[in-house]
Amino acid sequence: MFDAAFEALPEKPRAISKELYRERQKRLLSQFDVGDLVIISSLPEATRSNDVHYPYRSSSDMLYMCGWTDPEATLMFYHEDGQWISHIFVQPKDTLMEIWEGRRHGVEGALKDWAVDKADSSEEVLSHLDRILESSVRVHVRTGINPDIDALVMTAVKKRDRKRQHFGSGPISVEDPSRRIAEMRLRKSDEEIQQMRYAAEVSSKAHELAMAASKDGIHEFQIQSIIEGFFVYGGTSGWAYPSIVGCGENATILHYTVNNSPCQSDEIILIDAGAEYEGYAADITRSWPIGGVFSDAQKEIYEVVLDAQEKAIDVCRVGNPYNMPHEVACRALAEGLIRLGVISQSVEEALDMESGELRRWYMHNTGHWLGLDVHDVGTYKPDGSPRLLEAGMVLTVEPGLYFGAWRPDVDCPERYANIGIRIEDDVLVTDGDPDVLTGSCPKTIDDIERIVGSL
Ligand code: GLY
Ligand code: MN
Ligand code: MN
């Protein structure tokens, strides 16, 4: 069932090049000086149960700085002979472990194929670090990832403090480098956009397949299996976050992931699911009637959300504050609900954060940065005021309305009982018009009605 959709995918982009990793490293290190030591660690594997691990996914900062994907790696940058050295410590090759757990790139692989100057076994990371710390003045490390590294760094700082009359060198301060890396990750390069476009295309097709397969009686998990099946079929590593597949009243639960109910033709299904490709996330939500035809009431709500989303996408432009899409979407949603008689306040009253009625039906933000993490890094108000959008930033635009008739805290209008609609796209800010990376995923009422149940 996946062949036609697969054939229609664009060609897979090439993986991020070594040159780009080098360029990123150079850009990060240009912010540091002789005497600075930068440490980036990825988490160890986590046990799921007994001797089974969760699928491993490296830390995004590690992926960003060098692309290393094996567990338990440490990347360090420090000065040696007047220049910066990138030095990675990785799980060594170990035939017995590889027979049981799978191939490792090992030290030789790291040196051969990765953008690093030196590589050693992770077993040696602490002894190396101990030595490097002696000549470091400032250490840049995110604490809480590798407790052994944290302890060594803290001991070195304390030692320096205690013996400062005798001890000429050693670190005097510890800082978290992730804010600086986040600033870089916020602005995507062309190579990154290509990866994100591919994740977005696979995810769009997966949603379209799920639409086509929808029919009365199908279970949420069956639709989930089509979506996630196509993520893998399309050559991505799978989901970027657990898929939300909720029908009927489940569509009004924002983070519903149980996905175990049967669906009826008169219900709306809301699916929030995106694939991860080369570490980069897509994040799409579509909502459609299982039976393929919107009721009048469903159509009314859908049109309000779609109008809000289109208006919000249109302001994803260079120079606009990051929260303008949210403000625009909220206003359009409030106007729509006033028109439908759901809200009896004025627009300004409805938008009030304390007493406005909009928050009863729309309780989340309209978007977030997107990249190596689905809720990607980057502060929204770096100097206390909203960040202005720049070309290369990618954000989601995802307004919704949720009429949970099961909620005791509100009187849900009967006409809209258990309608949950969210429409979410991934938008690249450019020097021209907003570029909707997920633009091929159907979202007009006509397209949806044509596709749903067409399999
Ligand atoms: N999928 C999570 C979100 O939309 O933010
Ligand atoms: Mn999102
Ligand atoms: Mn989402």
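Further up the page is the structure itself.
Residues numbered from 1 in each chain as written. Chains lettered and ligands numbered in written order. Predicted model: local features only at pLDDT ≥ 70, side-chain atom pairs only at ≥ 80, totals over all residues. Heavy atoms only, no water.

Focus on the overall build of the protein chain
When helices and strands are tallied, the protein chain shows 15 helices and 18 strands. Scaling as 2.2 N^0.38, a compact globule of 455 residues should have a C-alpha radius of gyration of about 23 Å, and the protein chain matches this with 25 Å. Counting only C-alpha atoms and orienting by the principal axes, one finds that the protein chain spans roughly 80 × 50 × 45 Å. Here the protein chain, with 455 residues, has 53% of them falling under the buried criterion. Within the protein chain, counting contacts between residues at least 6 apart in sequence, those at least 24 apart form 71% of the total. Summed over its atoms, the accessible surface of the protein chain is roughly 20,800 Å², and 49% of this surface lies on carbon and sulfur atoms. Of the side-chain charges in the protein chain, 46 are positive and 76 negative, and the distance between the mean point of each set is 6 Å. (Helix = DSSP H or I, 4+ residues; strand = E, 2+ residues; numbered from the N terminus. Rg over C-alpha atoms; globule rule 2.2 N^0.38 Å. Buried < 20%, exposed > 50% of the residue type's maximum accessible area, 1.4 Å probe, protein only. Contact = heavy atoms within 4.5 Å. Areas by Shrake-Rupley, 256 points an atom, 1.4 Å probe, with all protein chains shown as cover. Lys, Arg positive; Asp, Glu negative; His and termini not counted. Charge placed at Lys NZ, Arg CZ, Asp CG, Glu CD.)

A look at the coordination of the manganese ion (ligand 3)
By definition of the ideal shapes, a tetrahedral metal site with four donors has angles of 109.5 degrees and an octahedral site with six donors has angles of 90 or 180 degrees. Bound to the manganese ion (ligand 3) are the protein donor atoms Asp272 (OD), Asp272 (OD), Asp283 (OD) and Glu424 (OE), situated 2.0 to 2.3 Å from the metal. If you look at the manganese ion (ligand 3), its 6 donor atoms make angles of 57 to 169° with each other, and the shape they trace is irregular. Read from N- to C-terminus, the donor residues coordinating the manganese ion (ligand 3) fall into the pattern D-x10-D-x140-E. The distance between the manganese ion (ligand 3) and the manganese ion (ligand 2) comes to 3.2 Å, with Asp283 serving as a donor to both metals. With a gap of 141 residues between them, Asp283 in the loop between β12 (280–281) and β13 (284–289) and Glu424 in the loop between β16 (419–422) and β17 (425–428) connect regions that are remote in the sequence. Residue Asp283 shares its accessibility class with Glu424, and that shared class is buried. (Donors = N, O, S within 2.8 Å, 3.2 Å for Na, K, Ca; no water. Tetrahedral: all angles 85-135°; square planar, octahedral: opposite > 155°, others 65-115°.)

Description of the coordination of the manganese ion (ligand 2)
Protein coordination at the manganese ion (ligand 2) comes from Asp283 (OD), His368 (NE2), Glu398 (OE) and Glu424 (OE), with a distance range of 2.0 to 2.2 Å. Bound by 6 donor atoms, the manganese ion (ligand 2) shows angles of 50 to 153° at the metal and therefore irregular coordination geometry.

Regarding the sheet that holds β13
If you trace the 3 strands from one edge of the open sheet to the other, you get β9-β10-β13, paired in antiparallel fashion. Only two strands of the sheet have a single neighbouring strand rather than two, namely β9 (244–247) and β13. Neighbour-to-neighbour, the strand axes of this sheet turn through a mean angle of 10°, independent of strand direction. Of the pairings in the sheet, the one linking strand β10 (residues 268–273) to β13 comprises 6 bridges and is antiparallel in character. For Ile269, the partnering residue across the bridge sits in β13 and is Trp288. Of the strands in this sheet, β10 and β13 are in contact with helix α9 (residues 190–213), which crosses β13 at around 15°. (Pairing = 2+ DSSP bridges. Axes fitted to C-alpha atoms, helices over the stretch in contact; angles between N-to-C directions.)

Comments concerning the pairing of β13
Taken residue by residue, a regular strand's side chains alternate between the two faces of the sheet. Burial analysis of β13 places 6 of its 6 residues in the buried class, the great majority of the element. Of the two faces of β13, both are covered, the one formed by Ile284, Arg286 and Trp288 as well as the one formed by Thr285, Ser287 and Pro289.

Topic: the side chain of Asp70
Take Asp70: it is sitting in the loop between α3 (60–66) and β4 (74–80). No salt bridge is formed by the buried Asp70, whose closest oppositely charged neighbour, Arg104, lies at an N-O distance of 6.3 Å. At a separation of 3.3 Å, a polar atom in the side chain of Asp70 contacts the main-chain amide nitrogen of His105. Setting aside residues up to four positions removed in sequence, Asp70 forms contacts with Ser42, Tyr56, Arg104 and His105. (Salt bridge = Lys/Arg side-chain N within 4 Å of Asp/Glu carboxyl O. Polar contact = N/O pair within 3.5 Å; in protein donor to acceptor, adjacent residues only side chain to side chain.)

Side note on the pattern of salt bridges
Tallying each qualifying case throughout the model produces 30 salt bridges. As a salt-bridge pair, Arg422 and Glu398 come within 4.0 Å of each other at their nearest N and O atoms. With a gap of 24 residues between them, Arg422 in strand β16 and Glu398 in the loop between β14 (394–397) and β15 (400–403) connect regions that are remote in the sequence. For the residue pair Arg422 and Glu398, the accessibility class agrees, reading buried in each case. Here the salt bridges share partners, and the residues they tie into one network are Asp61, Arg185, Lys188, Asp373 and Asp376.

Quick notes on the layout of surface pockets
Estimated volume of the second largest pocket: approximately 390 Å³. For the second largest pocket, the lining is made up of 18 residues, of which His255, Asp272, His368, His375 and Glu398 are closest to its centre. (1 Å grid on protein atoms, 1.4 Å probe; cavity = no way out; pocket = protein on both sides within 12 Å on 5 of 7 lines; lining within 4 Å. Points joined across faces, edges and corners; volume = space filled by probe spheres on them.)

Let's talk about the site of ligand 1
Taken together, Tyr241, Asp272, Asp283, His368, His375, Glu398 and Glu424 form the complete shell of residues around ligand 1. Within the contact set of ligand 1, an oxygen atom lies 2.7 Å away from a side-chain nitrogen or oxygen of His375. Contact distances for ligand 1 include 3.0 Å between an oxygen atom and a side-chain N or O atom of Glu398. Coverage of ligand 1 by the protein chains reaches 88% of its 190 Å² of free accessible surface. A molecule is said to occupy a pocket when more than half its atoms come within 2 Å of that pocket's grid points, and by this definition ligand 1 occupies the second largest pocket. Tallied by class, residues from the shell around ligand 1 come to 1 nonpolar, 2 polar and 4 charged. (Near = heavy atom within 4 Å. Sits in = over half its atoms within 2 Å of the grid points. Nonpolar A, V, L, I, M, F, W, Y, C, P; charged D, E, K, R; others polar.)

Examining unusual backbone geometry
Non-glycine residue Glu72 carries a positive phi angle of around 55°. Checked against the element boundaries, Glu72 lands in the loop between α3 and β4. Note on Glu72: relative accessible area 38%, which makes it partly exposed. Positive phi, close to 55°, is recorded for Asn259, a residue that is not glycine. Note on Asn259: relative accessible area 1%, which makes it buried.

As for the nonpolar core
The tendency in soluble globular proteins is for nonpolar side chains to be buried as a group. Counting 80 residues, the largest nonpolar core has Ile269, Ile271, Ile301, Leu337, Leu358, Leu401 and Phe403 as its most contacted members. Contact partners of Ile269, with chain neighbours within four places excluded, come to Ile223, Val245, Gly246, Cys247, Cys263, Arg286, Ser287, Trp288 and Ile290. Tyr21, Ile88, Val116 and Tyr280 belong to the second-largest nonpolar core, a separate cluster that totals 39 residues. (Core = buried A, V, L, I, M, F, W, Y, C linked by side-chain atoms within 4.5 Å.)

So, the side chain of Glu201
Locating Glu201 in the fold gives a position in helix α9. Among buried Asp, Glu, Lys and Arg side chains, Glu201 stands out as unpaired, with Lys205 the closest opposite charge at 4.3 Å. Within polar-contact distance, the side chain of Glu201 engages the side chain of Ser440 at 3.2 Å. Not counting the four nearest positions on each side in its chain, Glu201 is found in contact with Leu9, Pro10 and Ser440.

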